[in-house]
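Breakdown of the fold
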Amino acid sequence: MKLKRFLLRYYPPGIILEYVQGGEVKTKSIDLLDLSAATDVDALVEDIKKAEPLITASRKNQIVHLILRLQEKLRQQVDHKFYLFKVLRAHILPLTNVAFNKSGSCFITGSYDRTCKLWDTASGEELHTLEGHRNVVYAIAFNNPYGDKIATGSFDKTCKLWSVDTGKCYYTFRGHTAEIVCLSFNLQSTLVATGSMDTTAKLWDIQNGEEVVTLTGHSAEIIALSFNTTGDRIITGSFDHTVAVWDVGTGRRMHTLIGHRGEISSAQFNWDCTLIVTGSMDKTCMLWNALTGKRVATLTGHDDEVLDVCFDYTGQHIATASADGSARVYSAETKKCIAKLEGHGGEISKICFNPQGSRILTASCDKTARLWDPQTGQCIQILEGHTDEIFSCAFNYKGDIIITGSKDNTCRIWR
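Residues numbered from 1 in each chain as written. Predicted model: local features only at pLDDT ≥ 70, side-chain atom pairs only at ≥ 80, totals over all residues. Heavy atoms only, no water.

Observations regarding helix α1 (residues 41-51)
Turning to α1, its buried residues number three or more, namely V41, L44, V45 and I48. For α1, the arc enclosing every buried residue in end-on projection is 100°, short of the 170-degree limit, so these residues lie on one face. In the core, the buried residues of α1 are packed alongside β3 (24-31) and α2 (60-75). (Buried < 20%, exposed > 50% of the residue type's maximum accessible area, 1.4 Å probe, protein only. Helix = DSSP H or I, 4+ residues; strand = E, 2+ residues; numbered from the N terminus. Arc of directions from axis to C-beta. Contact = heavy atoms within 4.5 Å.)

As for the sheet that holds β3
Reading across the sheet, the 3 strands line up as β1-β2-β3 and stay open at both edges, with antiparallel pairing between neighbours. In the strand order of this sheet, the two ends are held by β1 (2-9) and β3, each with one partner. Between one strand axis and the next, the sheet turns by 25° as a mean value, whatever way the strands run. Here strand β2 (residues 14-21) runs beside β3; their pairing, made up of 8 bridges, is antiparallel. When the sheet's bridge partners are listed, G14 is paired in β3 with D31. (Pairing = 2+ DSSP bridges. Axes fitted to C-alpha atoms, helices over the stretch in contact; angles between N-to-C directions.)

Observations regarding the environment of G209
Along the chain, G209 turns up in the loop between β15 (201-205) and β16 (211-215). According to the relative accessible area criterion, G209 is buried, its value standing at 18%. Aside from chain neighbours lying at most four places away, what touches G209 is Y171 and F173.

Considerations on the side chain of T96
Looking at where T96 falls in the secondary structure, it is placed in strand β5 (residues 95-100). T96 gets classed as buried once you look at its relative accessible area, which sits at 7%. A polar contact is formed between the side chain of T96 and the backbone oxygen of V137, at a distance of 2.6 Å. If we ignore the near neighbours within four places in the chain, the residues touching T96 are G110, S111, Y112, V136, V137, Y138 and F391. (Polar contact = N/O pair within 3.5 Å; in protein donor to acceptor, adjacent residues only side chain to side chain.)

Quick look at the pairing of strand β34 (residues 402-406)
Within β34, 5 of the 5 residues are buried, leaving the element largely enclosed by the surrounding structure. Alternating positions in β34 separate into two faces, I402, T404 and S406 on one and I403 and G405 on the other, with burial throughout. Note: strand β33 (residues 390-395) against β34, 5 bridges, orientation antiparallel. When the sheet's bridge partners are listed, F395 is paired in β34 with I402. Where β33 folds back on β34, the antiparallel hairpin that results is connected by 6 residues, among which G399 adopts a positive phi of roughly 80°. Relative to strand β35 (residues 410-414), β34 runs antiparallel, the two being bridged by 4 bridges. Across the sheet, T404 pairs through a bridge with R412, a residue of β35.

Now the structure itself:
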């Protein structure tokens, strides 16, 4: 093994090693999820050297320099005030979803008009209209971090894979017998997973367009799915009240997470693949050990359905959004509620952290999106202007652009 170069990853903090083994270029990452501005760099570098044979004494100064750069990034205060940059009358019929590529240079919108549109963020111009579906385009995603492909999942029971450059369709994935309502690429960008109302999920090979495996076993619709970062596991959340953990290589079910008493609304792995968080219509959020499938904690407090849950990038905090109009922040370590985010005048359907973990964004049926401080629960800013329910919101990777999608048929860019 020969080390070629280091790459820096800001969110979550880490150093990627690019090395050559047997003539092949490979990468592995050193995750520094607990790094803070106060971390003792020399001690940390010694620990890294002990654990990682590729890092020899001669490389020590380089590593020190990279960690100092990461610390510098962590010290940067985020008190960005967002203003409305553009309103895009994106589609004739209502939007279903919005999503950024990694850098935020472009984004996509899905719609009931059976198309997905690709937009340039800086100019607000439409780059491509992806046409071909015969029903609502419901689930959409970029293959981030690469961002050269788009997947669209439709009520026409198919998923299509598109080129970002040309807008041409590479493949149409056929096989589901009911609507596709969720999809996701793995981080390695080799597979796309689709979840359907037919109770199954399917994994598709991006290179040859073939179905790799069907994940069967749920007794009701699958409405959420998520790969872990290493790409060897995928979770599916279902209306049958359970979440299943699958081995991606074999399609075998490893665990069934049983405990919720209502439909699952959302499910996600943390960055280091050790925990899974699930939200349910039973008003709770549950935390599970991803390796054993055992429940670690039940996070209670909401008075109505939990509609969305997420980890921050480092996996240290969990945010929940509820139909009771509030959001909550919990510590993944202590399982305690750190902050209550109160102020919305209606249900919150979407919640996400900025990549730095210093802000939370919520989207609500009260026609506003709000920015919060996750430590204090204080509302920092209200993004107003939509004339109907906001059901989708997202940050770009830098955390300095926001996109919101609404039932008023527009999406808004805030920067």
